[in-house]
Amino acid sequence: MTNKSNSGCCSGTTGCCGNAEEIKIEKNKIIIDFLYLDLSVCTRCQGAEDSLDEALKEIANVLEATGTDVHVNKINVNTKELAVTHKFLSSPTIRVNGHDIQMEFKESICESCGDLCGNVVDCRIWIYQGQEYTVPPKAMVIEGILKAVYGGSLADSIAEQEYVLPENLKHFYYVMENKK
């Protein structure tokens, strides 16, 4: 039996193969914007926030393993000016790196926001795997985040689209401003 030497074999440790330079992994960066009208009253906004938080907890190990840093901005779009700044189309909205996780959307009457402003308000309905939800399913949020991590295609960035404040939001902000 002969004893084989490991002299020509790379063990995978830093500095092997004559390379003393540290191996640096560049981190991926994901920015998630959660835009909403109200978290104190609106059950849809509260549910979307919960889905986002649960999704992030569920995939935390994947994000860490892929070297992905995640920054979450929770933005209360409570004025017309903020809506214009963020090109806000419907409440609630979740964007990953500027891409809405669901660009095509439907809305329906939101009793919570109606109670908030004392008038009829429509909020987003999420469509996932052929079903409609008033709260985005956690799996939908996870898919939206992982597409950004793994380079899947998302809809066009909101920054690239022409923006017009939707009538529904104009009405909401008008009622809220005149309620004071």
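- The protein is annotated in an unreviewed UniProt entry as Ferredoxin from Trichococcus flocculiformis.

### Comments concerning helix α1 (residues 43–58)
Three- or four-residue spacings in an α-helix give side chains the same orientation, since the helix completes a turn every 3.6 residues.
Then, in step 1: Under the 1.5 Å per step criterion, the end-to-end length of α1 is 22 Å for 16 residues, consistent within 8% with the ideal 22 Å.
Then, in step 2: Restricting attention to buried positions, one finds in α1 the residues Arg44, Cys45, Gly47, Ala48, Glu49, Ser51, Leu52, Ala55 and Leu56.

### Focus: the nonpolar core
Then, in step 1: Ranked by size, the top nonpolar core spans 42 residues in total, and within it Ile32, Leu52, Phe88, Ile94, Ile145 and Tyr173 carry the most contacts.
Then, in step 2: At the level of elements, β1 (28–36), α1, β3 (93–96), α4 (111–117), β6 (122–128), α5 (138–150) and α6 (167–179) are the ones that each hand at least two residues to this core.
Then, in step 3: Apart from the residues lying within four places of it in its own chain, the contact partners of Ile94 are Ile32, Asp33, Phe34, Ala48, Leu52, His99, Asp100, Ile101, Arg124, Trp126, Pro136 and Val141.

### Overview of the packing of aromatic side chains
Then, in step 1: Per the stated rule, a full pass over the model turns up two aromatic pairs.
Then, in step 2: Geometrically, the ring pair formed by Phe34 and Tyr36 is stacked, given 5.2 Å between the ring centres and 25 degrees between the ring planes.
Then, in step 3: Its relative accessible area of 9% is what places Tyr36 among the buried residues.
Then, in step 4: On the basis of an interplanar angle of 75 degrees and a centroid distance of 5.6 Å, the ring pair of Phe172 and Tyr173 is categorised as edge-to-face. The burial state of Phe172 is the same as that of Tyr173; both residues are buried.
Then, in step 5: The aromatic ring of Trp126 is capped on one face by Arg124, whose charged end is 4.5 Å from the ring centroid.

Rules behind the numbers
- Residues numbered from 1 in each chain as written.
- Predicted model: local features only at pLDDT ≥ 70, side-chain atom pairs only at ≥ 80, totals over all residues.
- Heavy atoms only, no water.
- Helix = DSSP H or I, 4+ residues; strand = E, 2+ residues; numbered from the N terminus.
- Expected span 1.5 Å × (residues − 1).
- Buried < 20%, exposed > 50% of the residue type's maximum accessible area, 1.4 Å probe, protein only.
- Core = buried A, V, L, I, M, F, W, Y, C linked by side-chain atoms within 4.5 Å.
- Contact = heavy atoms within 4.5 Å.
- Phe/Tyr/Trp six-rings, centres within 6.5 Å; stacked < 30°, edge-to-face > 60°.
- Lys NZ or Arg CZ within 6 Å of the ring centre and 35° of its normal.

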